[in-house]
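Residues per chain are reported as follows:
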Amino acid sequence: MTAKALIKDFEAIVGKDNVLTSEADLASYSYDAAVLPNAMPGLVVRPTTSEQLGKTVKLCNDNAIPMTVRGSGTNLSGGTIPSKGGIVVLTTALNRILEINEEDLYAVVEPGVITSKFAGEVTKRGLFYPPDPGSQTVSTLGGNVAENAGGLRGLKYGVTKDYVMGMTFYDVNGELVKTGGKTVKCVTGYNLTGLMVGAEGTLGVYDTITLKLVPPPAAAKAMMAVFDTVMDACRAVAAIIAAKIVPATLELMDNFTIRTVENFRNAGLPTEAGALLLIEVDGHPAMVEEDAIKVEDICKKNKASTVRVAKDAAERNAVWQARRDALPALAKVKPTTVLEDATVPRSKIPAMMSALEDIAKKYSLTIGTFGHAGDGNLHPTILTDKRNTEEWHRVEAAIDEIFDHALALGGTLSGEHGIGMAKAKYMKQECGIAAIEYSKRMKSVLDPKGILNPGKLIVG
Ligand SMILES: Cc1cc2nc3c(=O)[nH]c(=O)nc-3n(C[C@H](O)[C@H](O)[C@H](O)COP(=O)(O)OP(=O)(O)OC[C@H]3O[C@@H](n4cnc5c(N)ncnc54)[C@H](O)[C@@H]3O)c2cc1C
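Residues numbered from 1 in each chain as written. Predicted model: local features only at pLDDT ≥ 70, side-chain atom pairs only at ≥ 80, totals over all residues. Heavy atoms only, no water.

In the annotation of an unreviewed UniProt entry, the entry for the protein chain reads Putative D-lactate dehydrogenase (Cytochrome), and the organism field reads Megalodesulfovibrio gigas. In UniProt, the protein chain has this text filed under Sequence similarities (unreviewed entry): "Belongs to the FAD-binding oxidoreductase/transferase type 4 family." In UniProt, the protein chain has this text filed under Cofactor (unreviewed entry): "FAD". (UniProt positions renumbered as here; feature names shortened; annotations may be inferred.)

Have a look at this one:
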């Protein structure tokens, strides 16, 4: 079939206005938030209904056209770069919240719904959807599910997978598959829902997603603990966990990140501090009071010079704004920002932090580290300029070494940003050859022509 005939076929499915062919449009969908080479798609298609989505998938499969589904393209692992060309399928028009059920505590959404818009609608009904990736004002729920996105509340509330009760998705033949349901318990059949979460668009295309909602915490208290050294802060993290307190949030910022954030916003952060812990406890008001006192005490016993407890909502927001500023502030320092996602068992955070310091020195690189310390999920952020080829080689070597260290400490390649193209080459190192071969066999049966997001997650 000729390219022109194919365009006509896609237009017949989604309408002329929803098939984008101009050079500017194709360039706009050739990259995402990862620092990787871009790749132009042949066409961009934007279904506006579930039926159109299914027909689009089927047409791609019938013609063996690679297809890359794209929400907002904020993923940090190259998951939406159409590396094999073909079609980019946009979910931005599939953006309806179909149901928010206040009796049974679930919601049904289309994949293109923006995360924070959904969380806001849920809050209006007196309920709570905890997953809160830093990109939530832009990211889509489909993208969150495909990357199994996390966020600041992961420690206590878990990540996206803990909230996906079920879904409908299109298989490569354009057949609608239903999995999971609206009941708290549902163990019918294979756990296809579990398989599809975190599959990064390589096994099927989400049509609707059923998400669990929870009651919101009645009270919350945020605080900022200031330490002279990163190691003291890391020890405080371990001590809080060991004391069997589970804060909703337990975030770390190193000195470089603190200074950069302060330059960015003048929020009054202590720029001399070796590290900060930003902590929030939530739950029943009496328990919140008690936990806050215990956390403050533990921080002080672990050499915190000060612990500032937010007195009101404005101070609490200021604490979280400082954390939310970390990535944008670091990203302004140099032209290229490589945000990594190395995750280790919590007790290994001190070892990982000192490995990161050594790696920065060894390769003469600027690495600012912040992250979800309570989850062992660190975001070492390398500030560089990709046009400087010599420096870029050092960056690549440093990234390899970061993952070598994380894996040697019993950690993982990704706490929340997925594998995509960026980390596919390390998969064998973490999972072993048998897991790769098993995954490849599964993929070849479910997607025999290899059209679903080829070149991602499982390669080689
Ligand atoms: C500033 C910034 C902060 C961030 N903070 C966090 C954070 O705190 N925590 C975190 O986890 N991540 C974070 N991220 C990464 C990113 O926002 C998440 O991975 C997010 O889930 C991606 O959503 P998206 O809509 O942009 O998806 P996209 O990037 O468009 O797609 C991501 C993956 O989902 C697949 N996909 C999308 N829709 C579907 C569908 N309908 N069916 C099947 N597959 C589909 C795509 O093919 C791709 O593989 C951050 C990114 C940025 C830029």
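J.: Is there a simple way to think about the site of the ligand in this case?
T.: Taken together, 33 residues form the shell around the ligand, and within it Val 69, Gly 71, Thr 74, Ser 135 and Thr 140 come nearest. At 2.4 Å, a side-chain N or O of Ser 135 approaches an oxygen atom of the ligand. At 3.2 Å from an oxygen atom of the ligand is found a main-chain nitrogen or oxygen belonging to Glu 416. For the ligand, the accessible surface in isolation is 980 Å², of which the surrounding protein chains cover 92%. At the level of secondary structure, the elements contributing two or more residues to the shell around the ligand comprise strand S3 (67-70), helix H5 (141-147) and strand S9 (205-212). Of all the elements, H5 adds the most residues to the shell around the ligand, at 5 residues. When grouped by side-chain class, the residues that make up the shell around the ligand number 9 nonpolar, 20 polar and 4 charged. Residues lining the shell around the ligand come from more than one domain, with at least three contributed by each of domain 1 (3-90) and domain 2 (97-212). (Near = heavy atom within 4 Å. Polar contact = N/O pair within 3.5 Å; in protein donor to acceptor, adjacent residues only side chain to side chain. Areas by Shrake-Rupley, 256 points an atom, 1.4 Å probe, with all protein chains shown as cover. Helix = DSSP H or I, 4+ residues; strand = E, 2+ residues; numbered from the N terminus. Nonpolar A, V, L, I, M, F, W, Y, C, P; charged D, E, K, R; others polar. Domains from an automatic or database assignment.)

J.: Is there a simple way to think about the nonpolar core in this case?
T.: Within soluble globular proteins, side chains that are nonpolar generally end up buried alongside one another. Counting residues in hydrophobic clusters, the biggest one holds 56 residues, and the most contacted among them are Leu 277, Cys 299 and Met 352. In terms of residue count, helix H14 (residues 389-408) provides more of this core than any other element does, 8 residues in total. Excluding anything up to four places from it in sequence, Leu 277 contacts Met 223, Met 224, Ala 225, Phe 227, Ala 233, Ala 236, Val 237, Leu 250, Glu 251 and Leu 252. By size, the runner-up hydrophobic cluster in this structure holds 27 residues, among which are Tyr 157, Phe 169, Ile 209 and Ala 248. (Core = buried A, V, L, I, M, F, W, Y, C linked by side-chain atoms within 4.5 Å. Buried < 20%, exposed > 50% of the residue type's maximum accessible area, 1.4 Å probe, protein only. Contact = heavy atoms within 4.5 Å.)

J.: Help me out: how do you make sense of the packing of aromatic side chains in this one?
T.: Think of a pair of aromatic rings as described by two things: how far the centres are apart, and how the planes are tilted against each other in angle. Inspection of the entire model under this criterion finds 4 aromatic pairs. With a centroid separation of 5.1 Å and 45° between ring planes, the pair formed by Phe 403 and Tyr 426 is classed as tilted. With a gap of 23 residues between them, Phe 403 in helix H14 and Tyr 426 in the loop between H14 and helix H15 (427-431) connect regions that are remote in the sequence. Residue Phe 403 shares its accessibility class with Tyr 426, and that shared class is buried. An aromatic cluster of three or more residues is present, and its members are Phe 118, Tyr 129 and Tyr 163. A cation sits over an aromatic face here: Lys 212 above Tyr 163, 5.4 Å from the ring centre. (Phe/Tyr/Trp six-rings, centres within 6.5 Å; stacked < 30°, edge-to-face > 60°. Lys NZ or Arg CZ within 6 Å of the ring centre and 35° of its normal.)

J.: Would you explain the environment of Lys 425 in this entry?
T.: Position of Lys 425 among the secondary structure elements: in the loop between H14 and H15. Side chain to side chain, Lys 425 and Asp 400 meet in a polar contact 3.5 Å long.

J.: Looking at this model, I keep getting lost on the sheet that holds strand S4 (residues 87-90). Mind explaining?
T.: Hydrogen bonds along the backbone pair up the strands of a sheet, which may run parallel or antiparallel. With respect to topology, 4 strands assemble into an open sheet ordered S1-S2-S4-S3, the strand pairing being mixed. For this open sheet the edge positions go to strand S1 (19-20) and S3, each flanked by a neighbour on one side alone. As defined by bridge partners, S1 adjoins strand S2 (residues 43-45) across 2 bridges and the pair is classed as antiparallel. Residue pairing across strands places Leu 20 opposite Val 44, the latter belonging to S2. Most of the contacts of helix H3 (residues 50-62) go to S4, to which it runs at about 170°, and overall it touches S2, S3 and S4. (Pairing = 2+ DSSP bridges. Axes fitted to C-alpha atoms, helices over the stretch in contact; angles between N-to-C directions.)

J.: Is there a simple way to explain the pairing of strand S12 (residues 275-283) in this structure?
T.: Counting buried positions along S12 yields 9 of 9 residues, so the element is predominantly enclosed. Side chains of S12 alternate between two faces, with Ala 275, Leu 277, Ile 279, Val 281 and Gly 283 and Leu 276, Leu 278, Glu 280 and Asp 282 buried alike. With 9 bridges joining them, strand S10 (residues 219-227) and S12 adopt antiparallel strand pairing. Paired with Lys 221 across the bridge in S12 is Val 281. Summarising the sheet, strand S11 (residues 249-254) and S12 pair through 6 bridges and their orientation is antiparallel. In the strand pairing of S12, Asp 254 is matched with Ala 275.

J.: Please explain the domain arrangement of the protein chain as it appears in this structure.
T.: Interfaces are frequently sized by the accessible area removed from exposure as the parts join. Domain annotation of the protein chain identifies domain 1 (3-90), domain 2 (97-212) and domain 3 (217-333). Averaged C-alpha coordinates put domain 1 and domain 2 at centres separated by 22 Å. Contact residues are listed per partner, giving 14 residues for domain 1 and 14 residues for domain 2. Here domain 1 packs against domain 2, burying approximately 1100 Å² in sum over the two surfaces, 58% of which is carbon and sulfur. Run the count over domain 1 and domain 2 and you get 0 salt bridges. (Buried area = accessible area lost by both parts, 1.4 Å probe. Salt bridge = Lys/Arg side-chain N within 4 Å of Asp/Glu carboxyl O.)

J.: Please clarify how the side chain of Thr 68 should be interpreted in this entry.
T.: Tracing the sequence through the fold places Thr 68 in strand S3. Here Thr 68 is in contact with Gly 79, Thr 80, Pro 82, Ile 87, Val 88, Val 89, Asn 453 and Lys 456, once residues within four sequence places are set aside.

J.: So what exactly am I meant to see when it comes to the sheet that holds S12 here?
T.: Strand order in the open sheet formed by 7 strands is S13-S10-S12-S11-S15-S16-S14, with antiparallel pairing between adjacent strands. This sheet does not close on itself; its edge strands, each paired only once, are strand S13 (304-309) and strand S14 (336-339). Shown here is a sheet whose adjacent strand axes are inclined to one another by a mean of 20°, direction ignored.

J.: Which parts of the structure should I look at to understand the packing of helix H8 (residues 230-242) against helix H10 (residues 285-301)?
T.: Between two packed helices, the angle of one axis relative to the other and the distance separating the axes together describe the packing. Two elements in contact, H8 and H10, have axes separated by 9 Å at closest approach and are oriented at 140°. When the axis of H8 is compared with that of H10, the two are oblique. H10 is crossed by H8, and the crossing has right-handed handedness. Mapping the contact onto sequence places Ala 236, Ala 239 and Ile 240 in H8 and Val 295, Ile 298 and Cys 299 in H10. Grouping the constituent residues of the contact of H8 with H10 by class yields 6 nonpolar, no polar and no charged. (Parallel < 35°, antiparallel > 145°, perpendicular 65-115°, else oblique. Left-handed = near helix turned anticlockwise from the far one by under 90°.)

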